[in-house]
Amino acid sequence: MMPLKTSMSLFNRLRFVLIETSRPGNIGAAARAMKTMGFSELVLVNPRVPNATLHQEAVAFASGAQDVLTAARIVGSIEEALAGCNFAAALSARLREFSPPVIAPRALAMQLAADAGLTAALVFGNERFGLPNGIVEKCNMLINIPANPDYSSLNLAQAVQVLAYECRVASAGDALPITDIGFQGELAGIGQIDGMYAHLEDALAAIDFLDPANPKKLMPRLKRLFSRTQLETEEVNILRGIAKQILQNRKK
Ligand code: SAH
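Note that the structure is predicted; figures quoted are calculated from it, not measured.

Brief notes about the overall build of the chain
Broken down by element type, the chain carries 11 helices and 7 strands. Relative to its length of 252 residues, the chain is extended, with a C-alpha radius of gyration of 26 Å against a globular reference of 18 Å. Along the longest, intermediate and shortest principal axes, the C-alpha atoms of the chain span 85 × 45 × 35 Å. Pairs at least 24 apart in sequence give 83% of the contacts found in the chain among residues at least 6 apart.

Spelled out as structure tokens, the structure:
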């Protein structure tokens with residue numbers, strides 16, 4: 001069998017492209033940000049410092065991500081950087097009058113993770129000047145990281161970190177280990193939950209919180225509330241216990 005999942009995984013079809021980066025430290029920090037989230041393809045378009053990946057500041061900021069830094073490709077144009085991609089997203093702190101559709105990092109990450117046919121590039125601008133319009137226009141989307149409107153310009157490598165993180169979370173989907181941590185009881189069945197609603201309804205009527213002649217939207221609202229919580233059997237029993245106690249006390 002072909003390792004289909006691996007070859008289609010977003011980790012193998014997403015590249016990070018940095019345009020005319022001034023500070024080698026930011027290139028190193030970007031490599032580190034990528035590696036911590038499992039990404040490795042870094043492309044540098046005309047970095048301002050020659051041999052930027054060998055620069056001591058880049059090496060220092062990359063820390064344990066030397067492999068990503070060393071493997072970075074240095075190219076002379078955006079066309080070369082995007083070769084082989086069928087989707088590109090421009091990262092910009094500034095919204096422009098004429099631009100591709102603007103979406104948030106999370107929405108983009110979900111789209112990239114969901115569509116295995118996309119080989120994508122995330123394109124980041126220079127520290128001082130951002131991205132020129134000519135490059136933004138080549139991209140399919142403009143991505144803006146929601147930030148303080150009075151100061152929305154993140155450090156370049158930190159912008160890379162936000163995108164790499166969102167793409168990792170979107171790719172992991174429900175495989176995120178967090179769901180396996182801690183106590184998990186048995187989920188209640190639909191029949192158990194229906195029984196609980198009937199019981200609650202009786203109890204709420206008994207204390208005149210619910211008027212059976214004019215119930216309004218109380219039960220639908222409570223059902224909506226509980227339906228968001230994945231009730232466990234134990235919890236259903238507790239809620240029924242409360243309803244039972246209310247009904248007993250009323251009868252006294
Ligand atoms: N002064 C520049 C900001 C450069 S910050 C400007 O006005 O555009 C360096 C790069 O980090 C930007 O080009 C962009 O790619 C990315 N970046 C920083 N903050 C961002 C934000 N809020 N949303 C999206 N990208 C951002």
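The discussion continues.
So, the packing of aromatic side chains
By the definition in use, this model includes 3 aromatic pairs. Both rings, one in Phe 16 and one in Phe 124, keep their centres 6.2 Å apart while their planes meet at 10 degrees; by these two values the pair is stacked. One end of the pair, Phe 16, is in strand 1 (residues 14-19); the other, Phe 124, is in strand 6 (residues 120-124), and 108 residues separate them in sequence. Look at Phe 16 and you get buried, because its relative accessible area is 0%. For Phe 124, a relative accessible area of 2% corresponds to the buried category. Put simply, the rings of Phe 11, Phe 16, Phe 39 and Phe 124 touch in pairs and so form one group of aromatic residues.

Focus on helix 8 (residues 156-172)
With 17 residues, helix 8 extends 25 Å from end C-alpha to end C-alpha; this agrees with the ideal 24 Å at 1.5 Å per step. Here helix 8 has its buried residues at Leu 156, Ala 157, Ala 159, Val 160, Leu 163, Ala 164, Glu 166 and Cys 167. On the buried face of helix 8, the contacting elements are strand 1, helix 2 (24-36), strand 4 (87-91), helix 6 (105-114), strand 6 and strand 7 (141-143). Near the N-terminus of helix 8, the side chain that reaches the backbone nitrogen of Ala 157, with its oxygen 2.9 Å away, is that of Asn 155.

Some remarks on the layout of surface pockets
The computed volume of the largest pocket comes to approximately 390 Å³. Lining the largest pocket are 23 residues, with Ser 92, Ala 93, Gly 130, Ser 153 and Leu 154 positioned closest to its centre. Tallied by class, residues from the lining of the largest pocket come to 10 nonpolar, 9 polar and 4 charged.

Quick notes on the site of the ligand
The immediate surroundings of the ligand are formed by 18 residues, with Leu 91, Gly 125, Ile 145, Ser 152 and Leu 154 found nearest. A distance of 3.3 Å separates a nitrogen atom of the ligand from a polar backbone atom of Ser 92. With respect to the ligand, the backbone of Leu 154 contributes an N or O atom lying 2.9 Å from a nitrogen atom. The cavity that encloses the ligand is the largest pocket. Grouping the constituent residues of the shell around the ligand by class yields 8 nonpolar, 7 polar and 3 charged.

Comments concerning the pattern of salt bridges
Here the structure, examined in full by the defined rule, presents 7 salt bridges. Between Glu 41 and Arg 15 there is a salt bridge, and its shortest N-O distance comes to 3.2 Å. Separated by 26 residues along the polypeptide, Glu 41 in strand 2 (residues 41-45) and Arg 15 in strand 1 bring together distant segments of the chain. With relative accessibility at 29%, the residue Glu 41 sits in the partly exposed group. Judged by its relative accessible area of 7%, Arg 15 falls in the buried class. Overlapping salt bridges, with partners in common, bring together Arg 15, Glu 41 and Arg 73 in one network.

Quick notes on the nonpolar core
Phe 16, Leu 42, Leu 112, Leu 122 and Phe 124 are the most contacted members of the largest nonpolar core, which totals 42 residues. When residues in this core are grouped by element, the largest group, 7 residues, is from helix 8. Setting aside chain neighbours within four positions, we find Leu 112 in contact with Leu 10, Arg 13, Leu 14, Phe 87, Leu 118, Ala 120, Leu 122 and Cys 167. By size, the runner-up hydrophobic cluster in this structure holds 18 residues, among which are Val 45, Ala 88, Leu 131 and Leu 142.

Conventions adopted
- Residues numbered from 1 in each chain as written.
- Predicted model: local features only at pLDDT ≥ 70, side-chain atom pairs only at ≥ 80, totals over all residues.
- Heavy atoms only, no water.
- Helix = DSSP H or I, 4+ residues; strand = E, 2+ residues; numbered from the N terminus.
- Rg over C-alpha atoms; globule rule 2.2 N^0.38 Å.
- Contact = heavy atoms within 4.5 Å.
- Phe/Tyr/Trp six-rings, centres within 6.5 Å; stacked < 30°, edge-to-face > 60°.
- Buried < 20%, exposed > 50% of the residue type's maximum accessible area, 1.4 Å probe, protein only.
- Expected span 1.5 Å × (residues − 1).
- Polar contact = N/O pair within 3.5 Å; in protein donor to acceptor, adjacent residues only side chain to side chain.
- 1 Å grid on protein atoms, 1.4 Å probe; cavity = no way out; pocket = protein on both sides within 12 Å on 5 of 7 lines; lining within 4 Å.
- Points joined across faces, edges and corners; volume = space filled by probe spheres on them.
- Nonpolar A, V, L, I, M, F, W, Y, C, P; charged D, E, K, R; others polar.
- Near = heavy atom within 4 Å.
- Sits in = over half its atoms within 2 Å of the grid points.
- Salt bridge = Lys/Arg side-chain N within 4 Å of Asp/Glu carboxyl O.
- Core = buried A, V, L, I, M, F, W, Y, C linked by side-chain atoms within 4.5 Å.

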